[in-house]
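This is what each chain is made of:
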Amino acid sequence: MSDNQQSETQQQPHPDAEGVDAGFATTDAEALAQAQGELVALQAKCNDLADQYLRAKADAENTRRRADEEMSKARKFAVEAFAESLLPVKDSLEAAIAIPAATPEQLLEGVHATLRQLTQALERNKVVQIAPPVGTKFDPHQHQAISVVPAEQDANTVVAVLQKGYLIADRVLRPALVTVSAPR
């Protein structure tokens, strides 16, 4: 082929070349439009997820704040029921003091009645007495040994209760002070 023929061949586009270029252009435009559509959808989903996150975060903070407020109120008013149950005991003691010429028998009767009121108030509030009977095995979780004495009982058993202890809801408020038998 001559140089002239070669340049003509190179200059003349292939009959399908324009269609191919147009096809690529159409495909590129469609791909771009599809990618833009996907981008818009992903941005909307991202915005939705960000909104959900912020709402969940605010909800968690509100729940924490409400729980903190309720705990504060519970601490502040925890003794309210207990104090309310002790008011009749106080009233009884004030009534006893108000009687100027009470006989010893009347005072003793009033003290017993007041002690019953106090015992009932403590029981209503789950304050339970620890008074182990003689011969009970020493329990270091509920008893405090004041002394160890020789006795006819088994070793490490309660010989005498010097002061009663108290539990509040299965927690030791004050251990019972006891004397314990010594090993033989």
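Details of the structure are given in the entry above.
Presented here is an overview of the structure given in this document. Computed from a predicted model, the values in this text were never measured in an experiment.

## Quick look at the sheet that holds strand β3 (residues 158-163)
Here is step 1: In spatial order, the strands read β2-β6-β3; together these three strands make up an open sheet with mixed pairing. Pairing within the sheet leaves two strands with one partner each, and these edge strands are β2 (143-149) and β3. With direction set aside, neighbouring strand axes in the sheet form an average angle of 30°.
Here is step 2: As defined by bridge partners, β2 adjoins strand β6 (residues 176-181) across six bridges and the pair is classed as parallel. Directly across from Ser147, in β6, lies its bridge partner Thr179.

## Thoughts on the side chain of Thr114
Here is step 1: Topologically, Thr114 is positioned in helix α4 (residues 104-124).
Here is step 2: A polar contact of 2.8 Å, which involves the side chain of Thr114, links it to the backbone oxygen of Gly110.

## Notes on α4
Here is step 1: When the terminal C-alpha atoms of α4 are compared, their 30 Å separation across 21 residues agrees well with the 30 Å that a helix rising 1.5 Å per residue should span.
Here is step 2: Residues Thr114, Ala121 and Leu122 constitute the buried set of α4. Buried residues in α4, looked at end-on, bunch into an arc of 95°, giving them a common side. Those residues of α4 that are exposed and angled more than 90 degrees off the buried face are Glu105, Glu109, Arg116, Glu123 and Arg124.
Here is step 3: Against α3 (80-98) and β1 (127-130) lie the buried residues of α4.
Here is step 4: Phi turns positive, to about 65°, at Lys126, one or two residues after α4.

## Some words on the sheet that holds strand β4 (residues 165-168)
Here is step 1: Reading across from one edge, β1-β4-β5 is the order of the three strands in this open sheet, with antiparallel pairing throughout. Edge positions in the open sheet fall to β1 and β5 (171-174), since each of these has one partner strand only. Across this sheet, the average inter-strand angle for adjacent strands is 35°, counted without regard to direction.

Thresholds applied
- Residues numbered from 1 in each chain as written.
- Predicted model: local features only at pLDDT ≥ 70, side-chain atom pairs only at ≥ 80, totals over all residues.
- Heavy atoms only, no water.
- Pairing = 2+ DSSP bridges.
- Helix = DSSP H or I, 4+ residues; strand = E, 2+ residues; numbered from the N terminus.
- Axes fitted to C-alpha atoms, helices over the stretch in contact; angles between N-to-C directions.
- Polar contact = N/O pair within 3.5 Å; in protein donor to acceptor, adjacent residues only side chain to side chain.
- Expected span 1.5 Å × (residues − 1).
- Buried < 20%, exposed > 50% of the residue type's maximum accessible area, 1.4 Å probe, protein only.
- Arc of directions from axis to C-beta.
- Contact = heavy atoms within 4.5 Å.

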